[in-house]
Amino acid sequence: MESALTARDRVGVQDFVLLENHTSEAAFIENLRKRFKENLIYTYIGSVLVSVNPYKDLEIYTKNHMERYRGVNFYEVSPHVYAVSDNSYRSMRTERKDQCILISGESGAGKTEASKKILQYYAVTCPASDQVETVKDRLLQSNPVLEAFGNAKTLRNDNSSRFGKYMDIQFDFKGAPVGGHILNYLLEKSRVVHQNHGERNFHIFYQLIEGGEEDLLRRLGLERNPQQYQYLVKGNCPKVSSINDRSDWKVVRKALSVIGFSEDEVEELLNIIASVLHLGNIQYGGEDSGNAYITTDTQIKYLARLLGVDGLVLKEALTHKTIIAKGEELKSPLNLEQASSARDALSKAVYGRTFTWLVNKINVSLAYKTYKNASVIGLLDIYGFEVFQHNSFEQFCINYCNEKLQQLFIELTLKSEQDEYEAEGITWEPVQYFNNKIICDLVEEKFKGIISILDEECLRPGDASDITFLEKLENTVGGHAHLTTHKLADGKTRKVMGREEFRLLHYAGEVNYNVNGVLSCTHSLCVVHPQVMCMSDNKILTQCFDRAELKDSKRPETAATQFKTSLAKLMEILMSKEPSYVRCIKPNDAKQAGRFDDVLIRHQVKYLGLMENLRVRRAGFAYRRHYETFLQRYKSLCPETWPSWQGKLADGVSTLVKHLGYKPEEYKLGRSKIFIRFPKTLFATEDALETRKHSLASKLQSSWKGYSQKTKYRKLRSSAVVVQAWWRGILACRRAQRKRQAANTIRRFIKGFIYRHNERCPENEYFLDYVRYSFLMKLRRNLPKSVLDKSWPTAPTALIEASEQLRKLYMQNMVWGYCKRINPEWKHQLEQKMVASEIFKNKKDNYPQSVPKLFMGTRLNGEEINPKVLQSLGSETMKYAVPVTKYDRKGYKARPRQLLLTSNCAVIVEEAKLKQRIDYAALKGISVSSLSDGVFVLHVPTEDKKQKGDVVLQSDHIIETLTKVAICADKVNSININQGSITFTMGQGKEGIIDFTSGSELLVAKAKNGHLSVTAPRLNSR
Ligand SMILES: Nc1ncnc2c1ncn2[C@@H]1O[C@H](COP(=O)(O)OP(=O)(O)OP(=O)(O)O)[C@@H](O)[C@H]1O
Ligand SMILES: [Mg+2]
């Protein structure tokens, strides 16, 4: 409830005890209006539920709503009839105490609807079993049956209950509804024979005529036209737009079979209903003597058949009265008026008793066998205070009933308040309230009470009449503060009272009662019913009209006394239970949705005694809650109690209210509850909570976000740890496997190594294979890159042969590839190099230095050779030319010369002069030293006169020059490589000697011995 306190300006307060000005009726009605406008039809006065009829279907009775109220604390949810139902149910279950829910209010205020909602709530939310299902069905289905027979359209309500109803719902120890029992009060029997304009008789008559099958109607002798029946035409309103008699008929027929009526029973019941209609159509004629006789014999025929009685006896009974005097039966004829009354009295009696039979029959069907163990919730749907322009005996009974209920309410409410104070150890402050016991006593007291006076007047011999009753009233209780009559009243009151009225000052207000007909009304039961009914063949009627009744000589009870007795019984029942209240209010007389009629509502607030209710409830404290609930709700408003209080709850609440600044007179602390005297104190606290909520909300939000992120992170981390662990596991497995494999390999390797020299066997095969494999792999990586590269990995013993084969193959392949890549120039170069190799390899010291140097085509180009020389050579092609140094044969003087090689001869040229020409054919040989010098000798034949002797030359490119000469002259085998010295001819038979020695640098000079001394530099390679 507190959760809605903040919306109080718009929708009012949910509990009237929280109204600041609780004594103001205007404030009360304003609060109702505010809520009604918002379709909030329910409001509390403490634990009393005030309900305003919305006259429209609100979406507040769904299964979801039922679930919302199920098992929830009364104050935690908005007011609802389900909250009251649930609260009673839970109290019954937990405290094992019988409960009752008292529903009161004006006609049309919604009492019956409320009781149906409560019943539905239990049917849906209570635990069930197969057997319980049938009971639930029967409980629910009892409503349409009772409504058909006991409800009628009135000016105030199209479905007005014309009887009071108290229904017990019995629950077993598991809380399942297992049975029920119904008590009915004061059926408005007068309606059977008369209806006001715009009203109808009980629904069942119209339902039967509208919905009954042709066959059935024929059997009952009825026509499908309500206008045909005197008892249905008085109100002139056979059709009502809000009622569908035909479909209701089907509902009733089905309900009857669910409840357990046999076809025969239904038939007999309908016979009675039809016979009431036929009774109504009985017409009388008047004899001259004034005695009445029946003019409609056909009705008698039908009646005799339907009621199962003798027609003549019935006829007699309807025209005569029987008086038993001194044990003898005396019959006297009735006049017209008396006969009509007798007929109507019979109709009313038949209908009334049948209704009671019906209720009993339903009770048999609902009966729970082990009733004693059952817990009970009673539902009282009874007319509220009624005040009309003309109030009759019926209103008197109704208002008397309400007076009793008010007394019960005051007693129980005050008692429960007092009990609560006592239980909580709070001093009780006496509440000033009006105790209506004085009025109840005025009505019911023995000998002196109005009912006693009425009984007396009714049953006394002599001419008692309504007026004599009024006089007696004046004489006996005339001085009572709560009663007055026209005669006794002051002038002002007289003006608003009729002469045949007496006025009672009820707790809820004044009501004038008209005494007209009061005696006959009360007395109607005293008229001995025609014995004829006791003789009926109809089984229902034989149960209704007991023969024993006829023999009973005791003075029968009047209706008033009967009502008083049954009311006392009801009070006893209610007193033994814990009550809850639903006060129903109707917002307007037009049955319209959304219309709030102030005057009408003020009237009901007054007559329902709601202000008195509120005053009693608010006498002490406006608000009370268990410490736990209070602390739970408001603990955030005090730093010491937030977020949780560890100590005693009472201390927590005390700390909290001190922190909130409550003044001592504003509250009291009981044993388990806090009591707050004024609503404004609570509202201030509630407002503070509203403000606090915002800051709490953002705090909660951030905490929640933090929490959810942390949870997410933790989840991720733990997942990562799991994945990691698995992955590490996998890696470790792999590593272990690898280690195992490695160990095996090493072991095999070592074993293989040990047995390597043995024949191939399991122990060494791995090793041998490995050695082979690794050699081949190594070979693959280290293959020679060029044809000159002679490196080759050393092969293991087993592969020496194969390695050699491979090497050859590889070399061949490389050479073949190399050759394939060779071009003609290069080939020529190589050929020359081959020749040079053949001549000089390992013979002359500077040969190795020449190997990497390419041989040139020529060392002198065309411009460097004198053209005259070329001219003199004529057609001979120049193959090679190189600058050389010539040493004179005499004196060994060094002269620069050019050596030209043609296809036929070698020519020594000094600038333009062709100094010496040596045909290749004449070239005897060539000598050269083994050292690193460039000196060589071209030997020519001594006998050749053209020649002046051997030629001593020196070239810087000795290997190239001599190779060219050897090739051109085809003298490869004519080159002599000498050690020490070379002898040569100088012409004319003389010889010269060249001595070769090694030295630091090249030196060519004539030695003292006349030899040419050549010092060749020592080369590093040597
Ligand atoms: N809670 C409700 N929601 C919607 N309509 C309702 C509600 N309560 C009552 N009504 C309407 O008001 C009409 C009268 O209600 P109901 O028969 O319960 O009145 P009552 O107090 O039992 O009157 P009476 O004393 O004449 O039997 C219903 O037929 C229904 O149309
Ligand atoms: Mg009703």
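As the structure is a prediction and not an experimental result, all values here were calculated from the model.

### Details of helix α28 (residues 649-660)
Counted at 1.5 Å a residue, the expected span for α28 with its 12 residues is 16 Å, and the 16 Å between its end C-alpha atoms agrees. Residues of α28 that are buried include every one of G652, V653, S654, L656 and V657, and no others. Taken together, the buried residues of α28 touch α27 (627-634), β18 (667-669) and β19 (673-676).

### Here's the deal with the coordination of the magnesium ion (ligand 2)
Protein-derived ligands of the magnesium ion (ligand 2) are T112 (OG1) and S161 (OG), with the metal-ligand distances lying across 1.9 to 2.0 Å. Here T112, found in helix α5 (residues 111-125), pairs with S161, found in strand β5 (residues 160-161); they are 49 residues apart in sequence, far enough to count as distant. Neither residue differs from the other here; T112 and S161 are each classed as buried.

### Structural notes on the packing of aromatic side chains
This structure, assessed with the given rule, holds 32 aromatic pairs. Centroid distance F469 to F502: 6.4 Å. Interplanar angle 85°. Geometry classified as edge-to-face. Here F502 lies in strand β14 (residues 501-506) and F469 lies in helix α19 (residues 466-477), a separation of 33 residues in the sequence. Taking the relative accessible area as the measure of exposure, F502 reaches 4% and is therefore buried. Geometrically, the ring pair formed by F621 and F675 is edge-to-face, given 5.5 Å between the ring centres and 65° between the ring planes. Separated by 54 residues along the polypeptide, F621 in the loop between α26 (610-617) and β17 (623-626) and F675 in strand β19 bring together distant segments of the chain. The rings of Y61, Y69, Y82, Y89, Y121, Y122 and F171 are connected pair by pair, giving a single aromatic cluster. The cationic tip of K361 hangs over the ring face of F261; the distance from NZ or CZ to the ring centre is 5.5 Å. Seen from the ring of F678, K680 lies directly overhead, with NZ or CZ sitting 4.9 Å from the centre.

### Topic: unusual backbone geometry
Omega for the peptide link from W642 to P643 comes to 0°, which places this bond in the cis form. Take P643: it is sitting in the loop between α27 and α28. Non-glycine residue D970 carries a positive phi angle of around 55°. Here D970 is to be found in the loop between α35 (958-968) and β27 (975-978).

Definitions and limits used
- Residues numbered from 1 in each chain as written.
- Chains lettered and ligands numbered in written order.
- Predicted model: local features only at pLDDT ≥ 70, side-chain atom pairs only at ≥ 80, totals over all residues.
- Heavy atoms only, no water.
- Helix = DSSP H or I, 4+ residues; strand = E, 2+ residues; numbered from the N terminus.
- Expected span 1.5 Å × (residues − 1).
- Buried < 20%, exposed > 50% of the residue type's maximum accessible area, 1.4 Å probe, protein only.
- Contact = heavy atoms within 4.5 Å.
- Donors = N, O, S within 2.8 Å, 3.2 Å for Na, K, Ca; no water.
- Phe/Tyr/Trp six-rings, centres within 6.5 Å; stacked < 30°, edge-to-face > 60°.
- Lys NZ or Arg CZ within 6 Å of the ring centre and 35° of its normal.

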